[in-house]
Amino acid sequence: MRILGIESSCDETGVALVDAGSEGVPRLLGHALHSQIEMHQAYGGVVPELASRDHIRRVLPLTDAVLAQAGLALADVDAIACTRGPGLAGALLVGTGVAHALGVALGKPVHGIHHLEGHLLSPFLSADPPEFPFVALLVSGGHTQLMRVDGVGRYELLGETIDDAAGEAFDKSAKLLGLGYPGGPALARLAEQGDAAAYKFPRPMLHSGDLDFSFAGLKTAVLTQVKRLARAAPEGPATSRLADPLSEREKADVAAGAQAAIVEVLVKKSLAALKATGLRRLVVAGGVGANTHLRAQLNQAAAERGLRVHYPELALCTDNGAMIALAAGLRAQAGLLAADVGAGRFDVAPRWPLADLAPLF
Ligand code: ATP
Ligand code: MG
Ligand code: FE
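Residues numbered from 1 in each chain as written. Chains lettered and ligands numbered in written order. Predicted model: local features only at pLDDT ≥ 70, side-chain atom pairs only at ≥ 80, totals over all residues.

- The chain is annotated in an unreviewed UniProt entry as tRNA N6-adenosine threonylcarbamoyltransferase of Hydrogenophaga intermedia.
- UniProt lists a comment for the chain under the heading Subcellular location (unreviewed entry), and it reads "Cytoplasm".
- Word for word, the UniProt comment on the chain under Catalytic activity (unreviewed entry) is "L-threonylcarbamoyladenylate + adenosine(37) in tRNA = N(6)-L-threonylcarbamoyladenosine(37) in tRNA + AMP + H(+)". (UniProt positions renumbered as here; feature names shortened; annotations may be inferred.)

## Structural notes on the packing of helix α8 (residues 248–277) against helix α9 (residues 292–305)
Logical step 1: Where α8 meets α9, the axes come as close as 10 Å, and the angle between the chain directions of the two elements is 35°. Here the hand of the crossing between α8 and α9 comes out right-handed. Contact residues: α8 offers Gln-259, Val-263, Leu-266, Val-267, Ser-270 and Leu-271, while α9 offers His-293, Leu-294, Gln-297, Leu-298 and Ala-301. (Axes fitted to C-alpha atoms, helices over the stretch in contact; angles between N-to-C directions. Helix = DSSP H or I, 4+ residues; strand = E, 2+ residues; numbered from the N terminus. Left-handed = near helix turned anticlockwise from the far one by under 90°. Contact = placed C-beta atoms within 7 Å.)

## What to know about the pairing of strand β5 (residues 110–114)
Logical step 1: Burial analysis of β5 places 5 of its 5 residues in the buried class, which makes it a mostly covered element.
Logical step 2: Neither face of β5 is open: one carries Val-110, Gly-112 and His-114, the other His-111 and Ile-113, and all of them are buried.
Logical step 3: Taken together, the 5 bridges between strand β4 (residues 79–85) and β5 define a ladder with parallel strand orientation. When the sheet's bridge partners are listed, Ala-81 is paired in β5 with His-111. (Buried ≥ 20, exposed ≤ 12 C-beta atoms within 10 Å, placed from the backbone. Pairing = 2+ DSSP bridges.)

## Considerations on the domain arrangement of the chain
Logical step 1: Each domain of the chain was delimited in the assignment, giving domain 1 (2–122 + 317–357) and domain 2 (132–311).
Logical step 2: Each of domain 1 and domain 2 has a C-alpha centre, and the two are 28 Å apart.
Logical step 3: Taken together, the contact between domain 1 and domain 2 spans 18 residues of the former and 20 residues of the latter.
Logical step 4: Those elements giving two or more residues to the side of domain 1 that touches domain 2 turn out to be α1 (37–41), α4 (115–121) and α10 (322–333).
Logical step 5: Looking at the side of domain 1 that touches domain 2 residue by residue, the classes come out as 10 nonpolar, 7 polar and 1 charged. (Domains from an automatic or database assignment. Nonpolar A, V, L, I, M, F, W, Y, C, P; charged D, E, K, R; others polar.)

## Notes on the sheet that holds strand β3 (residues 27–35)
Two orientations exist for strands paired in a sheet by backbone hydrogen bonds: parallel and antiparallel.
Logical step 1: Strand order in the open sheet made by the 5 strands is β3-β2-β1-β4-β5, with mixed pairing throughout. The strands lining the two open edges of the sheet, one partner per strand, are β3 and β5. Neighbour-to-neighbour, the strand axes of the sheet open up by a mean angle of 20°, direction not taken into account.
Logical step 2: Relative to β3, strand β2 (residues 12–19) runs antiparallel, the two sharing 8 bridges. Along β3, the bridge assignment pairs Asp-19 with Arg-27.
Logical step 3: Contacts from helix α3 (residues 89–106) reach β1 (2–7), β4 and β5, with the element oriented near 160° to β4.
Logical step 4: In the packing of α10 onto the sheet, the strands contacted are β1, β2, β3, β4 and β5, and the crossing angle to β1 comes to about 135°.

Okay, structure coming up:
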């Protein structure tokens, strides 16, 4: 069964084609992505209207590219999957609209997939796919959650952030250091040259006794530290361009300290979730899962305790179409895709908790 997957929830247009046999991990036949990061950079964040318009421009050429990679035609597609939510409403409407238009034209079913289910299952496309059950640490730009995963479609929320997501903490800290948008990867690069112990940063909720997170306080701590350093600079008091008076050394130390604080909380809470569930396998997904320091710390903790950690391929940590096609393929194999879905009638779900997922759709 060949499934075309379309992702358009935020600022990446992703299209992919998988072949889902009756068993085994669905095989990726083609995969193309366009990131809008450059377009949004000038505004310091994603501009929803620009995002929607760019998805419109990209989605069909990307679909052609994927089919060319696979050496197939649209007529060879058996089903279409698209991201139904969560995400930006207008952006979601582009992907789902195109998916349903294709579905009507081809007479094929269209399935609306949960974006986070895509992230969660993306490590199945890696060279070292996990087995169920496992604990999932979902760390993306908009979400930070720990989940117990017993199978496809069987997700139990164990804990989540009560304010900012981990990716947001990376991005906001980076912005305070003048590193542009989205600053997560830039902050991680800068942190490699810094001393994580130079300044003290809080480890929020580390001892809260539950599996929830909070990262808003960290952003404030970074701001306070940046202001303090800026004030100490010979240039005098900080202006609106706070980060300017910081030396490269100071910036790197702040970056390293902030990264270490975020990562320590993520690692300790993941270990606590494994302990609470009695499970021995951790799956990390979402953009922050690309972070080298997080991977190193998790790998070390796991090695010391005889635990297994699985990650998506680096290119599939952030948004992509492969994870959407894969999620649909795994659902099809598990008998969790409704057979009678009609193309043409659709909605989007900009807010859609993963724990609310109906077993069959
Ligand atoms: P969601 O999936 O919750 O809707 P999203 O799709 O925007 O959010 P992703 O695409 O999964 O999120 O991830 C983007 C986030 O990952 C950004 O916050 C980005 O800064 C962060 N990120 C990417 N690479 C790294 C890295 N190497 N280190 C830290 N953060 C990173
Ligand atoms: Mg993105
Ligand atoms: Fe995402």
